[in-house]
Every structure is written in structure tokens, then in C-alpha cells.
Amino acid sequence: MNLAQEVGLVAGKDLRIERRARVTLQQILPFGAIVLLLFAFALDPDRGVLRRVAPGLFWVAVLLAVLLAVSRAFTIETEHAARDGLRLSGLDPAAIFLGKAAAIAVQLVVLEALLAAGVVLLFDVSLSSIGPLVLATLAATVGLAATGTLYGVLAVGLRMRETLVPVLLLPVVSPVLLGATRAWEAAIDGAPSDAWPWVGVLSVFAVLAVGAGMLAFGPLLEEA
Amino acid sequence: MQPVVRLRSIVCLLGRFPALAGLDLDAAAGEVVLLSGGNGAGKTTLLRLIAGLVAVHSGEAEVLGRDLTRDRRSHRRELALVGHESACYDDLTTRENVDFAVRAAGASPDVAADALEQLGLAPLADVAHGRLSTGQRRRLALAIALARGPKLLLLDEPHAGLDAEGRAVLDEVLAAASEDGRTVLLASHELDRTRALATREVVLTAGRAHGSLAAEPQPEPARQ
């Protein structure tokens, strides 16, 4: 098998498990929706506050969902010593990394689409510049999934991984939160030219995260 | 003939504890080596070290022609380890777990069905791993190991949790593996049963091997 086939094998396995367990739809999505709803109640909807902060709230909700998705992606590898099976499988560690990150990214895209619909309905936001908005979202999703996968494997063997992953991951992905929020603000304000530089920043972050993950995942999987 | 496993003065530390302390061992193709010894003697660590799952701290370790002190990954596709847990995923069916392992190892998908048939798991092919009994999970782990077509089979207490039928199937599998020229290293406390299957017994005490340490030329299987 070549790298692409190995990536497909790992991603297919993780997505099949997710389809059966439905953790994204039944636990992570409601969690993200509750976060949005709580902010909607907490902030004053009459003065346009919600519309202004909608991009930031959306990405905070996505970021919290990433933590749950990453935790879930590595919980399945700790049960029944499946991680040993993965290490002995003969698969290229880079392919395991890309496959697991791809599976998380697919789940995030579904989640983001549903949460974005929630933002439009709840916060009275119109998404005018779809092109940069979609590209920024995809680049941010790849960056978050890749970084989450890398930090997920780092903490996989630790008892305190549920608390350690957020502490390690959130500071690292803060540029994604910033860039994606700015890109969304520009898209919502109908100023796509302001969004493109942020799309560039998010794309660079995504490329760096994927590259670092392909290099570091193997050693981390061995030592975790 | 070059031994499949050649270990000299192996030291393996688990934390600061020397799980293996100056161990020597050879195993040739077609041998079934029984590893016996009390709890904490180092049997499981030895199997995991040969599989490349734990690092060699000092000594010489050559498995399937690879020097494990330099590279403990590339030989993994040619071996299979059945440990205390199944290394399977609860939300995948029996068939899907075998298919994943077989495809990851680069073996033909056709062998997955044969392995399930051989271990008596064909009627459970579409049952999720999470719904299998302990004994059925042991059989599944063994089916996966065989389906990968390994040159070296590492078995850690393989009879544990198996019913009488499962034990009989396992004995047949071990006999067939030896006849096929596969090397089997078998850690067990069930000495009456496994001595009859083994060509040689090595006793481990406090991380050191005693008894017949070297592979004997043209070993004759001693079976009932």
C-alpha cells in the first residue's frame, strides 16, 4: 500500500467507528450548540453585540469541540491496547497521523457546517463573502485537526490526558482562533479583501502543523 | 542458519526497574520456544522487546535480521504479537477488525475470512468486538495474528480465557505454525499443556533466562 492508501485505511477506520458510536453528533455537536446558546443568553441580543462577537463565539465553540474530538480519537486507541496493534500494524506513522487528522477534520467540517447554521439563525448573521469564509474555515480546520492529533498522541499514555491536552493545545492553536475569527469578521462585514491575508496565515499554519505532525507523530507514538 | 531471534546480554528497564537483566536467547525458524517463569520474571517484557514495543537499554538484539538497538519498527510487519488484550476496536465487527489488520500488514484480504474460519469465528463475523466474550476476543486476536502471515509469532498466555474447544484450536494452530516454518515464542503458566507443544523451554527468573538458551539444530517438535 502507498501512503495515500494507508491514510485512507486509518481515516476510514476512525470514521467508521465514529459513525457507529455517533459521539460527534450526539455529544460534541450538542455541546457546541449549548456553548452558542449560553453566549446568546449571556450577551445582549438587542444591541448587535451578538452579531459582532459571532465569529469569535463560533470559533471558541469549534475549539472546545476539537478538544473533545481529539480526546475521543485517542481514547479508542487506548481501549484494549489498540495502540499496540496500531504500532505493530506496519503502517507508516506519517500515514497514521494523516489518517487520524483527516478523520478529525471530516468530523469538524460537519460540526462547523451545523454550528454555522446555528450562528446564522441565532445571531442574525449573514455570510456574504462565501469564498474566503470557506477557505479560511478549511485551512483552520486542517490546522486544528493536525495540531490536535499531534498533541493527542503526546498525551495518549498519560492518566491526566483529559486535562493535559487542553492546557497544551489551546495556547498553540490561538493563532488559528485569531486568524479564523478575523477572516470570518471580514467575510461577515462584506470585506473579502481583509479576509485573504488571514486565509494566508491559516494556510501557513495548516501546512506547518501537517509537516510537523508527519515528522513527530512516529516518535511520539513510540514513546507515549 | 541465521537465528530468527538472537539476544545477547539484554537489559531492559521499565522506569528504573530492570525487567530484563542480562538475558541471552536464540530462536531458529520453525521452533516453538516456551518461556516459563513466575510472575514478574520478564516474560511479557521479553515478548514486547522482541516486537519492538519497548526499547533495548543495552545488549545486542537481532530479530528477523534487524538490529533492534538501531531500528525497532521495520521488522514489525513480519511478526505478530498476541498480548493480554485483543488490540481491537469495540465499534468494529470481528470481520472489520481482521480486515483492518490484514490490509495494514499488506496481506491479501482473502486470508481474513480463512483466519476467521480457522478460529471458529465465522458465525461471529458481523458481531461488534464490544459484544464478544473474553474467550472470543482471544480467538479474534489470534485470528488477526495468523491472518497477517507472520514469520515470528509472539504469544503471551494464549490459553488464558479460552474454553476447551478454543484451547484445542489453539494447539492445532501452534502445531501448524511450526510446520509452516514459523517461529513461535510462547509465554505461559500452563506448563503441562504448552510443554507438549514446545520444542524447547526457557525459564526466566528475575529477568534472566535459564535452561536451553540456544536454538538446537533441526529441532524435533515434542507433541502428544
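Up top is the structure these notes are about.
What you see is a predicted model; the values in this text were computed from it and never measured.

A. Geometry of unusual backbone geometry. Residues and elements named next belong to chain B. In this structure, Leu64 is a non-glycine residue whose phi angle is positive, near 50 degrees. Among the structural elements, Leu64 can be located in the loop between strand 4 (58–63) and strand 5 (66–67). Phi is positive for Glu157, which is not a glycine, with a value near 50 degrees. According to the relative accessible area criterion, Glu157 is buried, its value standing at 14%.

B. Structural detail: the sheet that holds strand 1 (residues 5–14) of chain B. Residues and elements named next belong to chain B. Within the open sheet, the four strands sit side by side as 2-1-4-5. Their pairing is antiparallel. Of all the strands in the sheet, just strand 2 (17–27) and strand 5 have a single pairing partner and so form its edges. In the sheet, strand 4 pairs with strand 5 via two bridges, with the strands oriented antiparallel. Within strand 5, the residue paired with Glu62 across the bridge is Asp67. Against the sheet, helix 1 (residues 43–51) contacts strand 1, strand 2 and strand 4, and its axis sits at roughly 115 degrees relative to strand 1.

C. Representation of the side chain of B:Glu157 in the model. All names here are of chain B. Residue position: Glu157 is located in the loop between strand 7 (152–156) and helix 5 (164–179). Within the buried core, Glu157 has no salt-bridge partner, and the shortest N-O distance to an opposite charge, that of Lys43, equals 5.1 Å. Setting aside residues up to four positions removed in sequence, Glu157 forms contacts with Lys43, His84, Arg138, Ala187, Ser188 and His189.

D. Region of interest: the layout of surface pockets. In this structure, the largest pocket encloses a volume near 500 Å³. Surrounding the largest pocket, 29 residues form its lining, A:Asp84, A:Gly85, B:Leu81, B:Ser86 and B:Ala87 being those nearest its centre. Listed by contribution, the elements that provide at least two residues to the lining of the largest pocket are helix 4 (82–88) of chain A together with helix 1, strand 6 (79–82), helix 2 (94–104) and helix 4 (134–147) of chain B. With five residues, the top contributor of residues to the lining of the largest pocket is helix 4 of chain A.

E. Region of interest: the packing of aromatic side chains. Residues and elements named next belong to chain A. The final tally for this structure, using the stated rule, is five aromatic pairs over all chains. A centroid spacing of 6.1 Å and a plane angle of 85 degrees characterise the contact between Trp59 and Trp184, whose relative ring orientation is edge-to-face. Highlighted residues: Trp59 in helix 3 (residues 49–78) and Trp184 in helix 8 (residues 174–188), separated in sequence by 125 residues. The class for Trp59 is buried, based on a relative accessible area of 2%. Exposure remark for Trp184: the relative accessible area of 2% places this residue in the buried category.

F. Geometry of the environment of A:Arg20. Turning to its location among the elements, A:Arg20 is positioned in helix 1 (residues 3–21). Note on A:Arg20: relative accessible area 35%, which makes it partly exposed. Apart from the residues within four sequence positions on either side, A:Arg20 is in contact with B:Asp91, B:Leu92, B:Thr93 and B:Glu96. Here the side chain of A:Arg20 touches B:Glu96 through a polar contact of 2.7 Å, side chain to side chain.

G. Here's a closer look at the packing of helix 2 of chain B against helix 4 of chain B. Residue and element names in this part refer to chain B. With their axes 9 Å apart at the nearest point, helix 2 and helix 4 run at an angle of 30 degrees to one another. As judged from the angle between their axes, helix 2 and helix 4 are roughly parallel. In this structure, the crossing between helix 2 and helix 4 has a hand that is right-handed. Every residue of helix 4 that contacts helix 2 at Thr94, Asn97, Val98, Ala101 and Val102 is listed here: Leu140, Ile144 and Ala147.

H. View of empty space enclosed by the protein. All names here are of chain A. Enumeration over the complete set of coordinates arrives at three cavities of 30 Å³ or more. Taken as a whole, the largest cavity encloses approximately 70 Å³ of empty space. The wall of the largest cavity is formed by Asp14, Glu18, Ala69, Arg72, Ala73, Ile76, Ala103, Ile104 and Gln107. The set of elements that each furnish at least two residues to the lining of the largest cavity consists of helix 1, helix 3 and helix 5 (93–123). The dominant element in the lining of the largest cavity, judged by the number of residues it contributes, is helix 3, at four residues. Taken together, the residues of the lining of the largest cavity sort by class into five nonpolar, one polar and three charged. Of the volumes computed, that of the second largest cavity is approximately 50 Å³. Every residue along the wall of the second largest cavity is listed here: Val70, Ser71, Phe74, Gly152, Arg161, Glu162 and Val165. For the lining of the second largest cavity, the secondary structure elements donating two or more residues are helix 3 and helix 7 (161–172). Looking at side-chain class alone, the lining of the second largest cavity contains three nonpolar, two polar and two charged residues.

I. Examining the packing of helix 1 of chain A against helix 3 of chain A more closely. All names here are of chain A. Interaxial distance between helix 1 and helix 3 falls to 11 Å at its minimum, and their mutual angle equals 100 degrees. If you check the angle between helix 1 and helix 3, you find them roughly perpendicular. Two secondary-structure elements touch here, helix 1 through Lys13, Asp14, Ile17, Glu18 and Ala21 and helix 3 through Arg72, Ile76 and Glu77. For the contact of helix 1 with helix 3, a count of residues per class yields three nonpolar, no polar and five charged.

The rules behind each value
- Residues numbered from 1 in each chain as written.
- Chains lettered and ligands numbered in written order.
- Predicted model: local features only at pLDDT ≥ 70, side-chain atom pairs only at ≥ 80, totals over all residues.
- Heavy atoms only, no water.
- Helix = DSSP H or I, 4+ residues; strand = E, 2+ residues; numbered from the N terminus.
- Buried < 20%, exposed > 50% of the residue type's maximum accessible area, 1.4 Å probe, protein only.
- Pairing = 2+ DSSP bridges.
- Contact = heavy atoms within 4.5 Å.
- Axes fitted to C-alpha atoms, helices over the stretch in contact; angles between N-to-C directions.
- Lys, Arg positive; Asp, Glu negative; His and termini not counted.
- Salt bridge = Lys/Arg side-chain N within 4 Å of Asp/Glu carboxyl O.
- 1 Å grid on protein atoms, 1.4 Å probe; cavity = no way out; pocket = protein on both sides within 12 Å on 5 of 7 lines; lining within 4 Å.
- Points joined across faces, edges and corners; volume = space filled by probe spheres on them.
- Phe/Tyr/Trp six-rings, centres within 6.5 Å; stacked < 30°, edge-to-face > 60°.
- Polar contact = N/O pair within 3.5 Å; in protein donor to acceptor, adjacent residues only side chain to side chain.
- Parallel < 35°, antiparallel > 145°, perpendicular 65-115°, else oblique.
- Left-handed = near helix turned anticlockwise from the far one by under 90°.
- Nonpolar A, V, L, I, M, F, W, Y, C, P; charged D, E, K, R; others polar.

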